[in-house]
Amino acid sequence: MPSLSALQRAQLVDKSTHDNFDLIIIGGGITGAGILLDAATRGLKALLVEQEDFAWGTSSRSTKLIHGGLRYLKQMEFGLVREVGKERAVLYKNARHLVRPSPMLLPVIKNGSLDKWTSSAALWLYDRLARVDKNERRQMLNRKETLSKEPLLNKDLVTAGGYYYEYRSDDARLTISILKKAASLGAVALNYCRVDSFTEENSKITGLVFTDRIRNKKLKAQASVIVNAAGPWVDQLRTKTAGDKSGKHLFLSKGIHLVFDRKRFPVRQAIYFDVPTDNRMIFVVPRDNKVYLGTTDTAYQGDIGFPNITATDVDYLLTAANHMMPSLQLTRTDVESSWSGLRPLIHEQGKDPGEISRKDEIFISTSGLISIAGGKLTGYRKMAERIIEHVYRYLPSQKNHVPCKTEEIALAGGEFLSEKELHQFISDNRKHFKFDNQLVDELVFRYGTDAAVIFEHALNKNGTKEDLIQSEWTYAVEEEMCYYPSDFLIRRSGKLYFDRPALSNIFPNLFNYMKKYLQWTDSQEIYARKSYEQAYHDSLDF
Ligand code: FAD
């Protein structure tokens, strides 16, 4: 039975070279993960290969919101608002632990892009199109009410406010939870497998050549259909096959985020505010003891894997936040961590990055390669459904069409039927680990019902705090194909972004634990240290 265990990874890689798949997906971001799950639920034999760790690309570097899509109203994309609004509700039902309702304040300011009337009308329309639950519908606030909700706001600027709900998430965890579910249904997902080229017969793609980067082995795999879900790398892969990338192409737009301690940036709730200089909108999102601020939206042409953060990017966000909340006086030295991601948008002639549609698009190369780009985290399930419908057209005719089922499939750890059940699960487990409620809560919101495995493992030892911490590492290796410390510290736990000052204490123990458990070779050990040091450095380099 396929699994997502790092201990079985080598066997899974070798076995995949002998199997004949219906479908191979390139890219282990949310788009590829969603396609893998959709394929598995329809009984298709599917493999996913990711060149680095799962969610290593854009899907760990977003604003981490499951949007109803308010900003698309500005672009008159009503269909998109309707679709993402519905998808938000589906995701909340299927992954309640990872998709959390979060009140959002939208201050109306003098000379801003929206006045009180247009904000009210936009939020009203948004509630209807996105079919927002009655309890979460927008309230309009006067100046006094807005300032009392958020005393940090600039009293000279604010004239009114809107109060509505967005949903906060963790992009990388969401991706991994989808992959875990797909693996439990028989699909194969492999990290650290880079696709180098395609095999073709009569100018049609029949498979691919890839490198297992952990064992440095070149291998081949075969499938009836290949889907390119490589996010910002989609065009690079399209040029590796006949049919090239003629027609539409990608436009990469960079977005950065800055993280602060909540004591230094003590907002009471999330805020979505105007930047007066360019009429863009910026989010402030509290997350436990931290707050993050983002994002920028600028054309990007450098190294796709490592988009840099410049002092200009940082100053743009700091200036905007200080203008809206002048008592803060934030400076570069207040930033504790940061990240930078690339939006794989579809190029539209003559438009600025912020004006380009976030809609997804499918391209079919003459060699049969199916590529998908654009889109959002929020719409991943519908994107996957559309892709699998395309895939059926290219599968041998004996494959009966099975309709999409993912609307009803809980993601891994998402088997809570209600908020009440989720909170009951938390309080039941807090009883076993009275010394640290916060850690228990964190684990439940990271792993959902799967946290039970971690709790049980810790209780089977001595149930101490150290046991609980180490049980999470064991779980990440055994159930989430975590191979290196940076995989855990960035994409399994988010600690590099949200607990960076604590890493110097965590890293040495985690390193030694993984080295022993996974029996790294010398070169793997060097890679493990270097990849962590690079990520640690990059997260505060501007
Ligand atoms: P990726 O996550 O980049 O995945 C593609 C994967 O393909 C990568 O991991 C890469 O390593 C792999 N790959 C590439 N080449 C190869 C190869 N040769 N072999 C094997 N693997 C390969 N959306 C929302 O819904 N809400 C938000 O709040 C939000 N905020 C955003 C903020 C920013 C700054 C950005 C940049 C995006 C944001 N988005 C948001 C959009 C969302 O994050 C993206 O649409 C989504 O993550 C794209 O996922 P993907 O799987 O298509 O691409």
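See the structure above.
Bear in mind the structure is a predicted one, so any value in this text is a computation, not a measurement. (Residues numbered from 1 in each chain as written. Predicted model: local features only at pLDDT ≥ 70, side-chain atom pairs only at ≥ 80, totals over all residues. Heavy atoms only, no water.)

This next bit is on the layout of surface pockets. Here the second largest pocket is characterised by a volume of approximately 1,100 Å³. The wall of the second largest pocket is formed by 34 residues, among which Gln438, Leu439, Glu442, Arg446 and Lys495 lie closest to the centre. Of all the elements in the fold, those that place two or more residues in the lining of the second largest pocket are helix H12 (437–447), helix H14 (465–480), helix H16 (495–498) and helix H17 (503–518). A breakdown of the residues in the lining of the second largest pocket according to their chemical character gives nine nonpolar, nine polar and 16 charged. (1 Å grid on protein atoms, 1.4 Å probe; cavity = no way out; pocket = protein on both sides within 12 Å on 5 of 7 lines; lining within 4 Å. Points joined across faces, edges and corners; volume = space filled by probe spheres on them. Helix = DSSP H or I, 4+ residues; strand = E, 2+ residues; numbered from the N terminus. Nonpolar A, V, L, I, M, F, W, Y, C, P; charged D, E, K, R; others polar.)

Okay, the packing of aromatic side chains next. Within this structure, the stated rule accounts for 25 aromatic pairs. Residues Tyr447 and Tyr475 carry aromatic rings whose centres are separated by 5.3 Å and whose planes lie at 80° to one another, so their mutual orientation is edge-to-face. Taken together, the residues Tyr447 in helix H12 and Tyr475 in helix H14 connect sequence positions 28 residues apart. Look at Tyr447 and you get buried, because its relative accessible area is 1%. Take Tyr475: its relative accessible area is 5%, and that puts it in the buried class. On the basis of an interplanar angle of 50° and a centroid distance of 5.5 Å, the ring pair of Phe507 and Phe511 is categorised as tilted. With Phe507 and Phe511 both in helix H17 and four residues apart, the pair spans about one turn of that helix. (Phe/Tyr/Trp six-rings, centres within 6.5 Å; stacked < 30°, edge-to-face > 60°. Buried < 20%, exposed > 50% of the residue type's maximum accessible area, 1.4 Å probe, protein only.)

Following the criterion strictly, the structure yields 45 salt bridges and no others. Here Asp212 and Arg9 are joined by a salt bridge, their closest N and O atoms 2.8 Å apart. With Asp212 in strand S9 (residues 204–212) and Arg9 in helix H1 (residues 9–16), this residue pair connects regions lying 203 residues apart in the sequence. Considered together, Asp212 and Arg9 belong to a single accessibility category, that of buried residues. (Salt bridge = Lys/Arg side-chain N within 4 Å of Asp/Glu carboxyl O.)

Around the ligand sit 38 residues, and of these Thr31, Glu50, Ser59, Leu65 and Thr378 come closest. Take Thr63: an N or O atom from its main chain is 3.0 Å from a nitrogen atom of the ligand. Take Leu377: an N or O atom from its main chain is 3.0 Å from an oxygen atom of the ligand. For the ligand, whose free accessible area comes to 1,000 Å², the fraction covered by protein is 97%. Sorting the residues of the shell around the ligand by element identifies helix H2 (30–41), strand S8 (193–201), strand S11 (250–261) and strand S16 (337–346) as the ones contributing at least two each. In the shell around the ligand, the residues fall into 14 nonpolar, 18 polar and six charged. (Near = heavy atom within 4 Å. Polar contact = N/O pair within 3.5 Å; in protein donor to acceptor, adjacent residues only side chain to side chain. Areas by Shrake-Rupley, 256 points an atom, 1.4 Å probe, with all protein chains shown as cover.)

At the junction of Gly294 and Thr295, the peptide bond is cis and its omega measures out at 15° in the coordinates. Residue position: Thr295 is located in the loop between strand S14 (290–294) and strand S15 (298–299). The phi angle at Asn216 is positive, at roughly 55°, despite the residue not being glycine. With respect to the secondary-structure elements, Asn216 resides in the loop between S9 and strand S10 (217–228).

Position of Gln269 relative to the elements: it lies in the loop between S11 and strand S12 (270–275). For Gln269, the side chain forms a polar contact with the main-chain oxygen of Lys149, separated by 3.5 Å. Engagement of the side chain of Gln269 in a polar contact is seen with the side chain of Glu150, the distance being 3.1 Å.

The nonpolar side chains of soluble globular proteins are, as a tendency, buried together. The biggest cluster of nonpolar side chains holds 78 residues, and the ones touching the most others in it are Leu23, Ile35, Leu36, Val99, Leu174, Leu208 and Val391. Setting aside its immediate chain neighbours within four residues, Leu208 contacts Ile24, Ile26, Val195, Ser197, Phe198, Thr199, Leu219, Lys220, Ala221 and Ile226. Core analysis: the next-biggest nonpolar cluster, separate from the first, contains 67 residues, Val477, Leu503, Leu510 and Ala528 among them. (Core = buried A, V, L, I, M, F, W, Y, C linked by side-chain atoms within 4.5 Å. Contact = heavy atoms within 4.5 Å.)

Next up on the list: the pairing of S11. Burial of S11 is extensive: 11 of the 12 residues sit out of reach of the surface. Of the pairings in the sheet, the one linking S11 to S16 comprises 10 bridges and is antiparallel in character. Along S16, the bridge assignment pairs Val259 with Ser337. Taken together, the two bridges between S11 and S15 define a ladder with antiparallel strand orientation. Bridge assignment links Ser253 to a residue of S15, and that residue is Ala299. Two strands pair when backbone bridges link them, and S11 and S14 are joined in this way by five bridges, in the antiparallel orientation. Directly across from Val259, in S14, lies its bridge partner Tyr292. (Pairing = 2+ DSSP bridges.)

A word on the side chain of Ser367. Inspection of the secondary structure puts Ser367 in the loop between strand S17 (361–364) and strand S18 (370–373). Here Ser367 falls in the buried class, since its relative accessible area comes to 2%. A polar atom in the side chain of Ser367 sits 2.5 Å from the side chain of Thr241.

An α-helix turns once per 3.6 residues; consequently, residues spaced three or four apart project the same way. Taking 1.5 Å per residue as the helical rise, H14 with its 16 residues ought to reach 22 Å, and the 22 Å between its terminal C-alpha atoms agrees with that figure. For H14, the complete set of buried residues consists of Asp467, Leu468, Ser471, Glu472, Trp473, Thr474, Tyr475, Ala476, Val477 and Glu480. Packed against the buried residues of H14 are helix H7 (171–184), H12, helix H13 (451–460), helix H15 (485–492) and H17. A positive backbone phi angle near 50° is found at Met481, which sits one or two residues after H14. (Expected span 1.5 Å × (residues − 1).)

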